[in-house]
Structures are given as C-alpha cells and as structure tokens.
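Here is how the chains run, residue by residue.
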Amino acid sequence: MDAPRVSRTPKIRRVGFSAPDSSATMVPSPRHPSVPVPETQHSGDCHVASGSYDPSENLNLATGIEKKEEEEKEKEVLQSSTKPFKAKTTKAERRALQEAQRAAKAASKAEGSKAVAESGRAAAGKSTKQSSQKKGGPSCASPAATDKKAGDRPLEKDRKKDAPSPRMQFDDKSRMEKARRRAVVNPTESRNRVDLFQHLPQYEHGTQLPNLESKFFQIGSVHPAVFEVGLRYLAGDISGGNARCIAMLRAFQDAIRDYCTPHEKALVRDLTSKINSYVSFFTECRPLSMSMGNAIRFVKSRIVNLPLNHSEFEAKADLCSDIDQFINEKIILADKVIVQHAFAKVKDGDVLLTYGLSCVVEMILLYAHELGKQFHVVVVDSRPRLEGQALLRRLVAKGLSCTYTHINAVSHIMHEVTRVLLGASAVFSNGTVYSTVGTSCVAMVAHSFRVPVLICCEAYKFHERVLLGSICSNELGDPDAIARVPGRMEVNYLDNWASEDNLRLLNLMYDATPSDYVSFIVTDYGMLPPTSVPVLVREYRREHLLM
C-alpha cells in the first residue's frame with residue numbers, strides 16, 4: 001500500500017488592510033517551484049512569500065508618492081508666486097511705450113544699413129585672402145588698403161548691365177528710377193495715364209525719336225546696326241513679329257562680327273553682357289514681342305555653350321552660323337511648311353475670312369490661288385492701323401476675288417464664311433492666342449456661327465507661360481491715332497483731348513483669344529488642337545537643347 005500523503009499547509013496571504021485576525025485568502029504556489037523563494041516572518045501566525053503582496057509596503061509606497069506630489073505642487077506655487085505681476089498701464093503710457101519702441105527700431109535699422117554698407121565695401125577689398133584667414137583667422141588688412149581696393153573696382157550700376165525684364169512693372173517707382181539712370185532713350189511720360197494700365201509704359205509719342213537721333217554720335221555702348229534697328233522700331237518702319245525678329249537677329253550678327261574680346265575678360269561673359277545691353281536698348285525703343293524673347297534666349301544659349309577650345313574668330317563664326325540657321329529653319333522654312341499644311345484645308349468654292357495683316361496667311365492665299373483653287377476672300381479691318389488695306393491691295397493685284405469690310409460688320413458677313421484664317425503673335429501653354437487687337441472678337445463671332453477657326457503660327461512663337469487676359473501683358477499704342485479719322489478732317493472732336501484732365505484714351509495693340517474659340521493651330525510641326533500646345537512647347541525646347 002502507498003504511504004499516506006503528508007498534508008501541506010497552504011501558503012496564504014492577507015488581502016487589503018484588514019486586521020491580522022481577519023479571514024485569509026488562499027494563494028496558489030508560484031509558477032516556478034524550482035526557484036527557491038525566501039520566506040520572511042510577518043506579524044501573525046501565517047507565512048508570507050517575498051514575492052507576494054504586502055499591505056504595509058503598499059501603504060508606505062502610497063504615502064511616499066503623495067508626499068512627492070505635494071512637494072511638486074508647493075514648488076509650482078512658489079514659482080508662480082515669484083513671477084512679478086504686470087502692472088496695469090494707462091492708454092497714454094502704452095502709446096508712449098510703442099513710440100519709444102518704434103524709434104529704437106528705426107535707429108537700429110539705420111545702424112544696420114550703415115554696417116552692411118561698410119561690410120560690403122570691406123568685402124570688396126578682401127578678394128585675395130590666405131588659407132589661414134579662410135579657416136577663421138583674423139583679418140589683418142588695414143582700412144586704407146581696403147578703401148583703395150574698393151575704389152579700383154567699377155561701380156555697381158556700371159557692372160549691372162542686364163536687360164530689364166520685358167514684363168517689368170512700370171508702376172514700381174524704385175525699379176523705374178534705376179532703369180531711367182541707365183536708359184539711353186529718355187521719353188516723356190504721358191500726363192493722361194490710364195489707371196488700369198499703370199503697369200505698362202505710357203509715354204508721349206513723337207518725343208523719343210528726335211532725342212534719340214541727336215545722340216547717335218554720343219552713344220558708344222550701342223552698336224550702329226543695333227542703333228539703326230532701334231530707330232526703325234521707334235518710328236514704326238518695322239512691324240510684324242517675323243520682320244522685327246529677323247531685323248534684331250541681323251543686328252546681333254553685325255555686332256558679333258565687329259566684337260573684340262577686351263583684355264583679361266572672357267568672351268562668353270562679356271559678349272553676353274553686350275547682348276543684354278542691346279536687348280535693353282530695343283526694349284526702350286519698343287517692348288519686345290514673345291517671339292523676340294525666344295530668339296534672344298536662343299542666342300544666349302548658343303553663347304554659353306560655345307566650346308572653350310575655340311578661338312575668338314571660330315566662336316564668332318559659329319554664332320553667326322547658328323543665327324542664320326535659326327532664321328532659315330524657324331522662320332522662312334517654317335512658313336513654307338505651314339503653307340503646305342493649310343493648303344490642304346482650302347477647297348473650291350470656299351469663302352475664307354482673314355483679319356488684319358498676317359504674312360503667313362497672305363502666303364497661304366497666294367499659294368492656293370497659284371495652284372488653281374477657286375475661292376473668295378473676305379478681308380476684315382479695323383482702325384486705327386488699317387493693316388488690312390495693304391493686304392487687300394496685294395491680293396487684288398494678284399487677281400484674287402476679295403471683299404473688304406470693317407470689324408463692326410463681321411457678324412453680318414460671317415454666315416457666308418466657310419473658314420477663318422488668322423495669324424498670331426504668340427501662343428501660350430494654355431492654348432490662348434495672343435494677336436492683334438480684334439482677333440478675339442472675330443474668333444468669338446466665328447465660334448458662335450460654328451465656323452472653324454485656324455490659327456497659323458510658327459513654333460518659335462510658342463511660349464511656356466499661361467495667359468488668361470490681355471491686361472497683365474500688352475502694349476499701348478499712340479492714343480492720338482484713335483482721336484483722328486483718316487480722310488475726314490471735319491471730324492475733329494478730340495483734337496485737344498490731352499488738355500482734358502478727366503479724359504483718357506486707350507489704344508491697345510494686342511488681345512487674348514481663349515482656346516475655346518480656336519479649332520486648330522497650324523504650325524511647322526503640323527496641325528494640332530490647342531490642348532496639345534504644352535507638348536509642342538516641351539518638344540521645341542528639347543530640340544533647342546540638342547541643336
């Protein structure tokens with residue numbers, strides 16, 4: 001038989017803060033009995049394991065935590081009590097304090113500007129430093145030597161010959177003062193300025209040309225070819241985006257051929273500064289067009305990418321060759337390709353409407369007539385420039401059947417038209433067409449009559465900008481031109497309009513046609529919808545990078 005089991009007294013512990021004679025609760029043995037657990041004697045008859053709960057220890061711990069919390073609260077109260085309370089001040093005292101702070105701030109700004117100017121002059125003379133000084137060593141240059149070195153350098157306004165931005169805000173007084181100091185053309189500002197177009201240049205027309213002609217032998221920084229083209233811009237002898245761009249590039253070619261690199265200067269940097277000064281002169285004569293801006297960007301990129309191992313003669317020859325290639329491929333050959341694409345849209349019996357004067361539209365009409373197409377042309381014109389009359393004379397001289405009307409009658413003749421052919425000065429990334437003022441009106445009427453509108457434009461006139469209206473970016477013409485009616489001398493109601501303080505005349509040169517009114521854009525890359533303009537802009541810029 002098995003030996004009888006010896007009964008073991010279970011280990012118990014007391015729960016809570018009860019008296020020793022209260023009821024006990026049984027606690028099971030520990031999970032790891034192999035680990036020896038020392039036993040401690042408790043005040044009572046039962047044994048308590050060391051790893052079990054002891055009410056006296058819990059009580060001591062709780063009282064310690066409460067004491068620490070009370071001490072922290074007392075410290076916070078003491079710290080808050082030591083902070084000085086803000087005394088209440090009157091309104092006059094607060095105002096006096098603000099004025100004193102403003103005066104101190106203005107004095108600190110004045111001292112800071114003086115310190116910046118002195119540090120700038122000192123930095124100009126510290127161009128040659130030793131390596132030990134660069135690592136944090138003190139400078140040992142004397143003030144006299146610093147002033148001498150700074151005086152040898154050219155003035156800041158002489159070194160900054162960068163061309164002003166074509167979209168410079170002319171209502172910014174500080175920028176305008178800087179532009180006037182380095183300007184070659186000093187026109188007279190108009191007295192009756194239109195408030196909505198204060199950001200655009202508004203000058204008295206007819207005052208710049210005599211002043212500029214008298215300075216021909218006094219201006220040494222402008223090449224004679226550039227000066228001649230600027231005079232023709234100012235007189236209005238050169239008009240049209242392609243003609244203005246070609247004349248500018250030819251002037252650049254003449255200036256590059258006559259250029260000689262100064263001693264101790266690099267051709268790339270010095271020639272770029274010369275081009276910038278020429279561009280600044282052109283901008284003073286007449287604001288640049290978008291196509292001219294793209295051509296200038298091309299010339300500058302070719303200058304920057306010149307090989308370093310080329311001599312001056314080779315570099316100038318390469319630049320002139322690149323400019324010739326740009327004119328031939330991007331303007332002359334591009335127009336011929338556009339004519340081929342647009343000719344496919346001309347059918348026998350069509351009535352084609354055009355507005356103003358566009359050289360590429362004229363080429364399309366003459367080419368279609370030479371190939372035997374039978375069609376009728378409607379030439380729409382508008383004051384004050386009346387450019388359509390020159391186009392009408394040339395078309396009639398070639399034997400084309402034409403109709404001439406003004407823009408106020410375009411809605412009465414649009415129901416007879418089958419297609420509208422228009423030119424453009426620029427096309428923006430959102431499909432907006434920037435062209436002669438009145439183009440948007442013709443396109444809107446054609447859209448309402450469901451007549452397709454074809455815009456003929458070269459790819460070099462495309463721009464990555466986005467244009468939403470014709471207010472931010474535009475050009476203002478002579479206001480006297482709309483005050484006179486050609487051929488009618490008796491209409492003289494606005495002869496003395498400039499003397500009226502409450503009268504303003506506005507003669508806008510361009511307007512913006514939304515892409516909704518354009519059916520197709522005919523380019524030298526093919527025919528594409530306005531939504532594909534960003535793709536063409538990206539590919540055109542990539543081609544320039546690889547060219």
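Right above here is the structure, for reference.
Quick notes on the rules
- Residues numbered from 1 in each chain as written.
- Predicted model: local features only at pLDDT ≥ 70, side-chain atom pairs only at ≥ 80, totals over all residues.
- Heavy atoms only, no water.
- Buried < 20%, exposed > 50% of the residue type's maximum accessible area, 1.4 Å probe, protein only.
- Helix = DSSP H or I, 4+ residues; strand = E, 2+ residues; numbered from the N terminus.
- Pairing = 2+ DSSP bridges.
- Right-handed = clockwise from strand over helix to strand, strands pointing away.
- Contact = heavy atoms within 4.5 Å.
- Axes fitted to C-alpha atoms, helices over the stretch in contact; angles between N-to-C directions.
- Expected span 1.5 Å × (residues − 1).
- Bend = angle between axes of the 7 residues up to and from the residue.

Asks: I would appreciate a short explanation of the pairing of strand 6 (residues 375-381) in the present structure.
Replies: Strand residues, when the strand is regular, have side chains that alternate between the two faces of the sheet. Counting buried residues along strand 6, six of its seven residues qualify, which places the element largely inside the surrounding structure. As defined by bridge partners, strand 5 (residues 350-355) adjoins strand 6 across six bridges and the pair is classed as parallel. Bridge pairing in strand 6 links Asp-350 to Phe-375. Of the crossover connections in this fold, the one passing from strand 5 over helix 13 (residues 359-370) to the parallel strand 6 is right-handed. Of the pairings in the sheet, the one linking strand 6 to strand 7 (residues 401-406) comprises six bridges and is parallel in character. Considered in strand 7, the bridge of Val-378 is made with Thr-403.

Asks: Could you clarify how one ought to interpret the sheet that holds strand 10 (residues 433-436) in this entry?
Replies: Within a beta sheet, neighbouring strands are joined by backbone hydrogen bonds and run either parallel or antiparallel to one another. Taken in spatial order, the three strands make up an open sheet running 9-10-12, and their pairing is antiparallel. Every interior strand has two partners, whereas the edge strands, strand 9 (426-427) and strand 12 (510-513), have only one. Across four bridges, the pairing between strand 10 and strand 12 is antiparallel. Its bridge partner lying in strand 12, Ser-435 is registered against Asp-511. Helix 16 (residues 439-448) rests against strand 10 and strand 12 of the sheet, and its axis sits at about 30 degrees to strand 12.

Asks: Sorry, what's going on with helix 12 (residues 312-343) here?
Replies: Each full turn of the α-helix corresponds to 3.6 residues, which orients residues three or four apart in the same direction. Here helix 12 spans 46 Å end to end across 32 residues, near enough to the 46 Å set by a 1.5 Å rise per residue. At Ala-334, helix 12 shows its largest kink, close to 40 degrees.

Asks: Is there a simple way to think about the pairing of strand 5 in this case?
Replies: Counting buried positions over the six residues of strand 5 gives six, a clear majority of the element. Burial along strand 5 is two-sided: the face carrying Asp-350, Leu-352 and Thr-354 and the face carrying Val-351, Leu-353 and Tyr-355 are both buried. In this sheet, strand 8 (residues 419-423) lies alongside strand 5 in parallel orientation, the contact comprising three bridges. Counterpart to Leu-353 in the pairing with strand 8 is Val-420.

Asks: For this particular structure, what's the right way to read the environment of Tyr-434?
Replies: Tracing the backbone shows Tyr-434 in strand 10. Of the residues examined, Tyr-434 reaches a relative accessible area of 6% and is grouped as buried. Sequence separation between Tyr-434 and Gly-469 is 35 residues, and the spatial gap between their C-alpha atoms is 9.4 Å.

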